[in-house]
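# Residue-level structure breakdown
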Amino acid sequence: MHIVCVGLATVDLVQRVDRLPGVDEKAEALTAEVAAGGPATNAAITAAALGAQVTLVTAVGAHPLGGLIRADTEAYGVTLLDATPLARTPPPVSAVTVLDATGERTIVSRNAGAAEAPVPPVFAELLAAADMVLVDGHYPRLALGAARSGRPLLLDAGSWRPVFADLLPRADVVACSAAFRPPGSAPVREALRSAGVPRGAITRGSQPVSWWNGDEHGELTVPAVPAVDTAGAGDAFHGALAVALGRGDDLLPALRYAVGIAGIRVRHTGPRSWLRALPD
């Protein structure tokens, strides 16, 4: 099974603290890690750890920080296709602070902003061989190219971006966060169904996952687990969902599988240590 993930790659500085500092205060980190991050990147690493062949299409460039992204993705079996290999600007950087007592996190990030990335010459050929394509909406030109490929498309809808207006009608499955708000006043599920999205889900952390599949809809209970670190749990969910859908699972079994993998993520600290706990 070949999964292509298209979207953001960042350099993440993840620090664990026993308290969040106030204004003009300092706090000493209990631990500090640096790793590649971003929705598409974390999903790609998750999918590779679950046994899929994965290609990540993103923008990294020739800045020294880009070397960290390349090394980290390669170490976890992800093939990286860089749409901007000669760019000298640094890749996006995120500062993630995890509260030790609860596993809750705060994030300050630049992301890709309004940046664009050109479509690589081999993009169409790569997509044609994909069993599942995951897109997070960053780098609109790449996102649209992936959506127009005709391959099964999973859309990671974390927060609204203008490009989603063109992506939603092409998606086979949309996985939304609780923060996702399409324009207008209609509830999210109704708005997405009106946009032509046949299947989807809305995640709300530890709360039940709302889902719809054509005219059917319901809620999937999220098993209670001790939350040690919630950073990247949504991305792990999306990576696992891509694997389940790519192997042909129906929506509800795929969601159950993805919820289980996300539960493993939140029970472990750090961006990568949790991967060792994944089932064979």
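Residues numbered from 1 in each chain as written. Predicted model: local features only at pLDDT ≥ 70, side-chain atom pairs only at ≥ 80, totals over all residues. Heavy atoms only, no water.

Counting buried residues along strand 6 (residues 93–99), 5 of its 7 residues qualify, which places the element largely inside the surrounding structure. As defined by bridge partners, strand 2 (residues 10–17) adjoins strand 6 across 7 bridges and the pair is classed as parallel. Bridge assignment links Val14 to a residue of strand 6, and that residue is Val96. Relative to strand 7 (residues 105–109), strand 6 is paired through 5 bridges, and the arrangement is antiparallel. Residue pairing in the sheet places Thr97 in a bridge with Thr106 of strand 7. Following strand 6, the chain reverses through 5 residues before pairing antiparallel with strand 7; Gly103 in that reversal takes a positive phi of roughly 80°. (Buried < 20%, exposed > 50% of the residue type's maximum accessible area, 1.4 Å probe, protein only. Helix = DSSP H or I, 4+ residues; strand = E, 2+ residues; numbered from the N terminus. Pairing = 2+ DSSP bridges.)

The next subject is the packing of aromatic side chains. A complete count under the given rule lists 3 aromatic pairs for this structure. Here the aromatic rings of Trp160 and Phe180 are separated by 5.8 Å at their centres, their planes lie at 50°, and the arrangement is tilted. Here Trp160 is found in the loop between strand 9 (153–157) and helix 5 (164–167), whereas its partner Phe180 is found in the loop between strand 10 (173–177) and helix 6 (188–194), with 20 residues between them in sequence. Owing to a relative accessible area of 29%, Trp160 belongs among the partly exposed residues under this scheme. (Phe/Tyr/Trp six-rings, centres within 6.5 Å; stacked < 30°, edge-to-face > 60°.)

So, about the pairing of strand 13 (residues 216–220). Pairing of strand 12 (residues 207–213) with strand 13 involves 5 bridges; the strand directions are antiparallel. Bridge pairing in strand 13 places Trp212 opposite His217. What sits between the antiparallel neighbours strand 12 and strand 13 is a turn of 2 residues, in which Gly214 has the positive phi angle 65°.

All right, on to the pattern of salt bridges then. In total, this model carries 9 salt bridges according to the counting rule given. Note that Asp82 and Arg70 form a salt bridge whose closest N and O atoms lie 2.6 Å from each other. Here Asp82 is found in strand 5 (residues 78–82), whereas its partner Arg70 is found in helix 2 (residues 64–75), with 12 residues between them in sequence. By relative accessible area, which is 11% here, Asp82 ends up buried. (Salt bridge = Lys/Arg side-chain N within 4 Å of Asp/Glu carboxyl O.)

What follows covers the sheet that holds strand 6. Remark on secondary structure: sheet strands pair via backbone hydrogen bonds, oriented parallel or antiparallel. The 4 strands are arranged 3-2-6-7 in an open sheet whose pairing can be described as mixed. If you trace the sheet from one side to the other, it starts and ends with strand 3 (31–37) and strand 7, each paired once. Shown here is a sheet whose adjacent strand axes are inclined to one another by a mean of 20°, direction ignored. Contacts from helix 2 reach strand 2, strand 3 and strand 6 within the one sheet, and its direction differs from that of strand 3 by about 80°. (Axes fitted to C-alpha atoms, helices over the stretch in contact; angles between N-to-C directions. Contact = heavy atoms within 4.5 Å.)

Quick look at the sheet that holds strand 9 now. Spatial strand order, 5-4-1-8-9-10-11-12-13: 9 strands in an open sheet with mixed pairing. The outermost strands of the open sheet, each flanked by one partner alone, are strand 5 and strand 13. With strand direction ignored, the average angle separating the axes of adjacent strands in the sheet is 15°. Here 5 bridges tie strand 11 (residues 199–204) to strand 12, and the two strands are oriented antiparallel to one another. Its bridge partner lying in strand 12, Arg199 is registered against Asn213.

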